[in-house]
Amino acid sequence: MQTTHSTQQVTRDIYTLPQSHKIQDSTTTQPSFHAPSKINPKFITTFKKSCIIISNDFQNEINYLNNTYKKEDIRIFELEELKIDHVHTIIQEAHIATQHDRIIAIFAFSYNHFAQNALLKILEEPPAHIIFMLYISARNKLIPTIFSRLVVFNKSKKKHVEAFKLDITQLTIPIVYEYICQLEKENISHEQGRIILTQILEAVIAHNMLLDRTTLEYFDLALQALYSKQSVHFALLPILLSLVTR
């Protein structure tokens, strides 16, 4: 029973940062607004304040913005990770003079800690008519100091996780090898890698498989590797091989 509990705990951690990277939740300092799925197309400019939007469907949000605002009224940065160089470009973009409201929307699956600190000052004192929209997939993506300064709109929906495509009770080395080679060939994103890791864990729980301490540690290491931007196929290989020997 203790091992099963540990497995479920790792499953929950897939949706958050590794323990060493977790940040304090800032709900006590800043209210969160649950925005409806369809809101007034001009809600941001009407609101006239920079904000954070939590969403697990970035592509839909990007399409929404492109279809709502004129090209000259919005600049969208779509990134795997927000880094210092991106922040410098964003700051330059924000200082382009404008006589009407202009939105800078940032979509990033992860926000580098140093980049967030570099962005903090311009979020506190944005240039005239500039409105920032920071899109995140989970609250732990941003440091508490940013949360304490911006209003939060929560548009996230519970996402169904598809079943892992392999039968983990019938894994063999040739099957794992073929699957890992396919992952390498597809060059999938680290966000997709975390989804696959979740699928594997869900499959383990569904089959009531008891994992030893070593295999559980492989899951922790894989999660840390994916957040450190290591190759997805390398991160998942030790886990899959450990399941072959069961």
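Note that the structure is a prediction, hence the values are computed from the model and not measured.

Rules used throughout
Residues numbered from 1 in each chain as written. Predicted model: local features only at pLDDT ≥ 70, side-chain atom pairs only at ≥ 80, totals over all residues. Heavy atoms only, no water. Buried < 20%, exposed > 50% of the residue type's maximum accessible area, 1.4 Å probe, protein only. Helix = DSSP H or I, 4+ residues; strand = E, 2+ residues; numbered from the N terminus. Pairing = 2+ DSSP bridges. Right-handed = clockwise from strand over helix to strand, strands pointing away. Salt bridge = Lys/Arg side-chain N within 4 Å of Asp/Glu carboxyl O. Phe/Tyr/Trp six-rings, centres within 6.5 Å; stacked < 30°, edge-to-face > 60°.

K.L.:
Describe the pairing of strand 4 (residues 102-111), listing the residues and the values that go with them.
P.N.:
Of all 10 residues in strand 4, 9 are buried, a share of seventy percent or more. Taken together, the 8 bridges between strand 3 (residues 74-82) and strand 4 define a ladder with parallel strand orientation. Residue L82 lies in a different strand from strand 4, and its bridge partner there is Y111. On the question of chirality, the crossover connecting strand 3 to the parallel strand 4 by way of helix 4 (residues 84-94) is right-handed.

K.L.:
Describe the pattern of salt bridges, listing the residues and the values that go with them.
P.N.:
In the structure shown here, the tally under the stated rule is 5 salt bridges. Taking the shortest distance from any N to any O, the salt bridge between R75 and E93 comes out at 2.7 Å. With a gap of 18 residues between them, R75 in strand 3 and E93 in helix 4 connect regions that are remote in the sequence. Using a relative accessible area of 30% as the deciding quantity, one classes R75 as partly exposed. Look at E93 and you get buried, because its relative accessible area is 10%. A salt bridge links R194 to E191; its shortest N-O distance comes to 2.4 Å. Of this pair, R194 and E191 both sit in helix 8 (residues 190-206), 3 residues apart, which is roughly one turn of the helix. Exposure remark for E191: the relative accessible area of 18% places this residue in the buried category. Members of the salt-bridge network, linked through shared partners, are R75, E93 and R102.

K.L.:
Account for the packing of aromatic side chains, with residues named and values stated.
P.N.:
A full pass over the atoms with the stated rule returns 4 aromatic pairs. Pairing F58 with F107 gives two aromatic rings, centres 5.4 Å apart and planes at 75°, and the pair type is edge-to-face. Placement of F58 in helix 3 (residues 58-68) and of F107 in strand 4 is noted, with a sequence separation of 49 residues between them. Considered together, F58 and F107 belong to a single accessibility category, that of buried residues. A centroid spacing of 5.5 Å and a plane angle of 85° characterise the contact between F164 and Y179, whose relative ring orientation is edge-to-face.

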